[in-house]
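Per-entry structural report
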Amino acid sequence: MPHHRHNKNHKGNKEDTNNNVQQNAPDRNANVRDAQNGHQFACCSPTACLFPDETIDTRDPGDAVRVYCNNDQCTLGNWMHGDCFIEWEDTVLAYLKSCGRARSWSEKQRLQNLWTKKGYDLAFKACDCKCSRGHLRKDLNYVPPPKPVDNVPKPKKKSKKKNDKPVAVVSNGKPGHSPSVNSNHGQSAPVNINHFNNLNNHNVTATSPTNGNFLFAKQQKPKFDCPPDATLQAGAYFRRRVDMSAFSILPKHKQNPYHIKMEEDSQGNDETRSFVLTHLSSYKVSALNCVLCKTVLPVFDRYPMIDGTFFLSPQAYGENVVQVISDGRLQFINAVCVGCLEGGSDIRCAACKKKWDGSTLLLGTMYSYDIFAAMPCCQKRLTCKHCRRAVVDVNTGLSFYSEYSRMITCPYCKAYDYHFIRPMSDTFVVKQPIWN
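Quick notes on the rules
Residues numbered from 1 in each chain as written. Predicted model: local features only at pLDDT ≥ 70, side-chain atom pairs only at ≥ 80, totals over all residues. Heavy atoms only, no water. Pairing = 2+ DSSP bridges. Helix = DSSP H or I, 4+ residues; strand = E, 2+ residues; numbered from the N terminus. Core = buried A, V, L, I, M, F, W, Y, C linked by side-chain atoms within 4.5 Å. Buried < 20%, exposed > 50% of the residue type's maximum accessible area, 1.4 Å probe, protein only. Contact = heavy atoms within 4.5 Å. Polar contact = N/O pair within 3.5 Å; in protein donor to acceptor, adjacent residues only side chain to side chain. Axes fitted to C-alpha atoms, helices over the stretch in contact; angles between N-to-C directions.

**Digging into the sheet that holds strand β4 (residues 79-80)**
Strand order in this open sheet of 3 strands is β4-β3-β5, and the pairing throughout is antiparallel. The open sheet terminates on both sides in strands that have one partner only, identified here as β4 and β5 (136-138). Direction of pairing for strand β3 (residues 65-69) relative to β4: antiparallel, over a ladder of 2 bridges. Its bridge partner being in β4, Val-65 is matched across the sheet by Met-80.

As structure tokens, then:
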């Protein structure tokens, strides 16, 4: 592994030596910290702790899980609440799903191999400790203390009748439905007059499956990694929208559900909203800054979730963006305000000086790809990060906009990278907002 040194002088099996070093490390480090800090520990989950006010007593840890950091100087503790560990482990499993030989493993095999050398060598990059200098790993040597025997008689389980059938769980997400597409394609979309100021009551019909030049119809719905029922807990953390005044800067013909994602179109809690609200609340983030003009954008508990749009990217365009795992890839939730999308910020390509236009994007929801990389304007935007030669011909392009946010191999130097996603300062020249 990259972060463990092997003893080259040892004549035995190299893999066995590495395992022994890792297995002895938690006992040495953790016991020293226990002696120094007493018996009360805070949860060291890399994601936000679900129980920040509850410490873990090592004398009676309950369902807490013991972990260790391979940084000997780490002082952030060795314990996680059981629920916190499960949530963190799910994010690591999601990352492992995209790694090398683990792609062909079943879910059961990934879970079995995750904390062994076989799986951890692939997944350790998703196990960063909060100390920023090491990686966390479950302590497989730790044996939980036996639970006290409860003498209270357990209630008898109700016998299941033969005619009893499991209740079907209905998914709110529609197969093949992109989170960035309004669900009323091909249908009449009535405008809710209560949501819009100074807007006459009329119907807007979406007759085309495209929005501007975007190929929405064939987009596959991304798989978001989000714990079940998490949105129910996250909903109370965000604001409730009282009016739609933030969208009054839009032209009249765009003040409708075809251009703004509305709650009526979501049919309840869908995967996109659950994904956004759950991850933001886990980091205690209730607002993001526009990556262009830096305006503070509060997050709302229902659609439209933001006065602009969210988008995922492996590039963090701002300082307070939130890191997540989507489709097994490390991503960041970025945001752009409605003003900048409508031309409020003068953002131009550093190479060809063409102005970037985000006015065709759907507002109030989240795109599962980088919206800046999705619209290359010149050949320089499609060059290799390493050898600077063309990876894709700008005249040919790629089939779908999401493909520009994927890792791709340069045909010349063979570098495998996110070639089309780069820091804002390397790609665009952004002037002060001109929107009033």
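More follows now that the structure is in view.
**Quick word on the nonpolar core**
Of all hydrophobic cores here, the largest spans 60 residues; its most connected members are Leu-280, Leu-292, Phe-310, Val-336, Trp-356 and Phe-372. Among all residues touching Trp-356, those that are not within four sequence positions of it are Leu-341, Ile-347, Leu-361, Ile-371, Phe-372, Met-375 and Phe-428. Core analysis: the second largest hydrophobic core is formed by 30 residues, Trp-88, Cys-99, Leu-114 and Cys-131 among them.

**Topic: the side chain of His-279**
Within the fold, His-279 resides in helix α7 (residues 271-282). The class for His-279 is buried, based on a relative accessible area of 11%. Polar side-chain contacts of His-279 include one of 2.9 Å to the backbone oxygen of Phe-275.

**Brief notes about the sheet that holds strand β10 (residues 308-313)**
Strands pair in a sheet through their backbones, by hydrogen bonds, and they do so in one of two ways: parallel or antiparallel. Strand order in the open sheet made by the 4 strands is β11-β12-β10-β14, with mixed pairing throughout. In this open sheet, the two strands that pair with only one neighbour each are β11 (322-326) and β14 (366-367). Two strands pair when backbone bridges link them, and β11 and strand β12 (residues 329-337) are joined in this way by 5 bridges, in the antiparallel orientation. Note on β12: the bridge partner recorded for Gln-323 is Phe-332. Sheet contacts for α7: β10, β11, β12 and β14; angle to β11, the most-contacted strand, approximately 140 degrees.

Limitation: the analysis is restricted to geometry and does not speak to function.
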